[in-house]
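Residue-level structural notes
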Amino acid sequence: MIVTFLGTGSGAPTTKRNVSGIGLRFLQAGKWWLFDCGEGTQHQLLRAPMKISQLEKIFITHLHGDHLYGLIGLLASRSLRNGEASPLDLYGPPGLDRYYRAVMETSPVHLHYPLQIHIVSEGVVYEDEEVVVTCRPARHRVLSFAYSVEEKEKPGAFQVEKARELGVPSGPIYGALKRGEQVVLPDGRVLDGRYFVGEAQPGRKIVFSGDTEPCQAVRQLAQGADLLVHEATYSQQDKDLAVRSGHSTAQEAAQLARDAGVKSLCLTHFSPRYEDEEGEFTMEDLLAEAQAIFPNTTLAEDFYSLPVKRVRKTVGGNEEACYNE
């Protein structure tokens, strides 16, 4: 799982940052999901490691233009470039379906693939055998949702050495033991498969805040996450601007990450006022503001990729990172 930032600015694009768009890549599955789709997102994809043909789902946090205005163009290009492309699912708050229909009625585009629009509300919005996606309402000037993508835990590894030590013949019996089943050996011994399976491997959890003031719902959603991607539009010295516009400061995002017990925090959605390296307050100052409270903080940049590695528990109970997933 790799998070790739396609746009990290707020409000309007600049020469350094495009507006909001974040990709979540599932490398082994050969697919990726998009969180928000600001103007120019499809242009950013031309320079990114994701293929538009492998885009499977789009999640919109709210209907402000810097998170939405690139959607129709991206949908159209996905159809034009790929012919009979695979189906696509679009998730977002109430009004997203009306927006889509209004644009299509005014400037129609024939999509060569099925598009299904899902209007979300608080709770689970998608689930399959491997992951569950949950949303909670954030606190912004319009209805806005934060999303959590959480893997389900995976069964522990089959400890073949234990089976060999007990003289268990290989073959179908190994498969039954690996599934945790009870088996009867040819010599009459009864074995419990749970003895031969290691501890279950916890899944990874990534949370995307969208636009929000600090709020309890996002903190609860982010509890224990491996990665929290949180907006930090302003510094604490510009707190009045954050309050006026319904955004967070870097300090507030760091406090929320600390209180939620997340492992790492990546800040995004920055005001351009801090981009001047010789200015009164710079991006380095913004990072220092957050790291003073939550040291494991990074600042996102356009095209920055952040891997979220799986942590596997070994037989001895230790944890080690798995770098090939």
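Above: the structure in question.
Model, not experiment: these values are computed from the prediction. (Residues numbered from 1 in each chain as written. Predicted model: local features only at pLDDT ≥ 70, side-chain atom pairs only at ≥ 80, totals over all residues. Heavy atoms only, no water.)

Considering the packing of aromatic side chains
- Here the structure, examined in full by the defined rule, presents 12 aromatic pairs.
- Centre to centre, the rings of Trp 33 and Phe 59 are 5.5 Å apart; their planes meet at 55 degrees, and the pair counts as tilted. On the criterion of sequence distance, the pair formed by Trp 33 in strand S3 (residues 31-35) and Phe 59 in strand S4 (residues 55-59) is long-range, its members being 26 residues apart.
- In this structure Phe 59 comes out as buried when scored by relative accessible area, which is 0%.
- Lys 57 extends its terminal NZ or CZ atom over the ring of Tyr 126, reaching a point 4.0 Å from the ring centre. (Phe/Tyr/Trp six-rings, centres within 6.5 Å; stacked < 30°, edge-to-face > 60°. Helix = DSSP H or I, 4+ residues; strand = E, 2+ residues; numbered from the N terminus. Buried < 20%, exposed > 50% of the residue type's maximum accessible area, 1.4 Å probe, protein only. Lys NZ or Arg CZ within 6 Å of the ring centre and 35° of its normal.)

What about the sheet that holds strand S15 (residues 297-299)?
- On the basis of which strands lie adjacent, the open sheet formed by seven strands has the order S7-S8-S9-S12-S13-S14-S15 and mixed pairing. Two strands close off the open sheet at either side, each with one partner strand: strand S7 (123-127) and S15. For this sheet the average axis-to-axis angle between neighbouring strands, irrespective of direction, equals 20 degrees.
- Across four bridges, S7 lies against strand S8 (residues 131-137) in antiparallel orientation. By the bridge assignment for S8, Tyr 126 is matched with Val 133.
- Each of strand S14 (265-268) and S15 is contacted by helix H9 (residues 283-291), which is oriented at about 160 degrees to S15, the strand it contacts most. (Pairing = 2+ DSSP bridges. Axes fitted to C-alpha atoms, helices over the stretch in contact; angles between N-to-C directions. Contact = heavy atoms within 4.5 Å.)

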